[in-house]
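Structural characterization, general
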Amino acid sequence: MKKTVTRLADGRELIYYDSRDDAVRDAVDHRPLGPVATTSEIRRDPLLGDAVAIASHRQGRTYHPPADECPLCPSGDGRLSEIPADGYEVAVFENRFPSLAGDAGRCEVVCFTSDHDASFADLTEERAALVLAAWTDRTAELAGLPQVEQVFPFENRGAEIGVTLGHPHGQIYAYPFVTPRTALMLRSAEEHRARTGGNLFDEIVGRERADGTRVVLEGEHWVAFVPYAAHWPYETHLYPKRRVPDMRDLDDAARTEFPQMYLELLKRFDRLFGEGEPPTPYVAAWHQAPFRAAGRLDFALHLELFTVRRTSGKLKFLAGSESGMSVFINDVPPEAAAERLREVASE
């Protein structure tokens, strides 16, 4: 992998990731951009103890532009975008409209391909491996920032999720705190260790593999299953079989197998609801251990993939119980979801 670091016209960092060592990325951003002005601040809720990012500058962010004005496509034909090059493999840059900035963290955009009409599932295994390498590199770089406690790579796909740019891309949030979801997992793991002496993540993965009814896909180094208490209609967790706290500790064997496993999962998600259905909207969320939290080495890196579509033409809305009390109600039994995801396997 070749990494090329440059700057956009307003000073934001742009990084190209290429599979070839002889790739040249010397295009210059000629847009007349002023410095990025953000108003991001973190406020603590005194009742719940969690954090809320207040970022009013995001009201003016780019919203559903036509394809010929996409800011994530390569520059060319007189149109200047966030990517000055006329083509790229994987590109990462600081978000122009970040939710987190400065002492409040950092937000980056990860472009998986220059092809506007593709999706992650359309990538080759080689390109998916390059994306994993980029995620890993960004995790390592952001871990070195003194204000960053946790790095969260994720992808939102589909208008139903709230995506405002159709180009295949994801994001990375570098939080200046441990997120509430991660704090809960760390607490559960700590309580389990104190009670049993074992690792909670290892026991969950071992139990799912032994039971088998919710296992969707299993390779030599990764396993994917629908969790016993899935929150979403179709939700799959993908774990490396050798527990590691974050991407930096994945070995070569796990890195090699990851693309075929993940691409197959995404293709199955797109087949869930039958022919003629629009692409399945989803969230793909990487859970990584915070860098300085107690219990970090007990944490297990894993990917959570879920869709808000519960059946053909119908969405799962977070209404009173979910939004008001954080108590999820799932209409699809996890065992039935797993069976369906096995049914739509590639031939």
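Heads up: the structure comes first, above all this text.
First, a word on scope: everything that follows refers to the structure included in this document. Because the structure is predicted, anything quoted here is derived from the model rather than measured. (Residues numbered from 1 in each chain as written. Predicted model: local features only at pLDDT ≥ 70, side-chain atom pairs only at ≥ 80, totals over all residues. Heavy atoms only, no water.)

Before going further, it helps to examine the overall build of the chain. Regarding its fold elements, the chain presents six helices and 15 strands. Radius of gyration (C-alpha) of the chain: 20 Å, near the 20 Å computed for a compact globule of 347 residues. Its C-alpha atoms give the chain principal-axis dimensions of about 60 × 50 × 45 Å. Of all 347 residues assigned to the chain, the portion counted as buried reaches 52%. Considering only intrachain contacts with a sequence separation of at least 6, the fraction spanning at least 24 residues in the chain is 63%. The positive charge centre, built from 40 side chains, and the negative charge centre, built from 55, are 3 Å apart in the chain. (Helix = DSSP H or I, 4+ residues; strand = E, 2+ residues; numbered from the N terminus. Rg over C-alpha atoms; globule rule 2.2 N^0.38 Å. Buried < 20%, exposed > 50% of the residue type's maximum accessible area, 1.4 Å probe, protein only. Contact = heavy atoms within 4.5 Å. Lys, Arg positive; Asp, Glu negative; His and termini not counted. Charge placed at Lys NZ, Arg CZ, Asp CG, Glu CD.)

A few words on the pairing of strand E8 (residues 169-175). Here E8 lies mainly inside the structure; seven of its seven residues are buried. Because side chains alternate across E8, one face comprises the buried residues His169, Gln171, Tyr173 and Tyr175, and the other comprises Gly170, Ile172 and Ala174, equally buried. Here strand E7 (residues 150-157) runs beside E8; their pairing, made up of five bridges, is antiparallel. What sits directly across from Phe152, in E8, is Tyr173. (Pairing = 2+ DSSP bridges.)

Take unusual backbone geometry next. We note that Asp77 has phi near 55°; this positive angle belongs to a residue other than glycine. The residue Asp77 is located in the loop between strand E4 (51-54) and strand E5 (90-94) in this model. At Ser326, a position not held by glycine, the phi torsion is positive, near 60°. Relative to the helices and strands, Ser326 is located in the loop between helix H5 (320-325) and helix H6 (334-343).

The subject of this paragraph is the pattern of salt bridges. The full count for this structure, using the stated rule, is 32 salt bridges. Residue Asp18 pairs with Arg25 through a salt bridge whose shortest N-O separation is 2.7 Å. Of the charged contacts in the structure, one is a salt bridge between Arg268 and Glu264, with a shortest N-O distance of 2.7 Å. Taken together, the residues Arg268 and Glu264, both in helix H4 (residues 252-271) and four residues apart, mark about one turn of the helix. (Salt bridge = Lys/Arg side-chain N within 4 Å of Asp/Glu carboxyl O.)

Our focus in this paragraph is the packing of helix H2 (residues 180-196) against helix H3 (residues 200-211). Axis separation between H2 and H3 bottoms out at 8 Å; the angle between their running directions is 90°. The pairing of H2 with H3 is recorded here as roughly perpendicular in orientation. For the pair H2 and H3, the contacting residues are Met185, Ser188, Ala189, His192 and Thr196 in the first and Leu200, Phe201 and Glu203 in the second. When its residues are assigned to classes, the contact of H2 with H3 shows four nonpolar, three polar and one charged. (Axes fitted to C-alpha atoms, helices over the stretch in contact; angles between N-to-C directions. Parallel < 35°, antiparallel > 145°, perpendicular 65-115°, else oblique. Nonpolar A, V, L, I, M, F, W, Y, C, P; charged D, E, K, R; others polar.)

Turning our attention to the sheet that holds strand E10 (residues 222-225). The strand order across the open sheet formed by 11 strands is E1-E2-E5-E6-E8-E7-E12-E13-E11-E10-E9, and the pairing between neighbours is antiparallel. With partners counted over all chains shown, the strands left at the sheet margins are strand E1 (2-7) and strand E9 (215-218), one partner each. Adjacent strand axes in the sheet meet at a mean angle of 20°, parallel and antiparallel pairs treated alike. One ladder, built from five bridges, connects strand E12 (residues 282-287) with strand E13 (residues 302-307); its direction is antiparallel.

Moving on: the packing of aromatic side chains. Tallied over the entire structure, the rule returns 18 aromatic pairs. Look at Phe112 and Trp135: their rings are 6.3 Å apart centre to centre, the planes differ by 85°, and that puts the pair in the edge-to-face class. Here Trp135 lies in helix H1 (residues 125-143) and Phe112 lies in the loop between strand E6 (106-111) and H1, a separation of 23 residues in the sequence. Since its relative accessible area comes to 1%, Phe112 is described here as buried. On the basis of relative accessibility, which here comes to 4%, the residue Trp135 falls in the buried class. A centroid spacing of 5.9 Å and a plane angle of 75° characterise the contact between Tyr173 and Tyr175, whose relative ring orientation is edge-to-face. (Phe/Tyr/Trp six-rings, centres within 6.5 Å; stacked < 30°, edge-to-face > 60°.)

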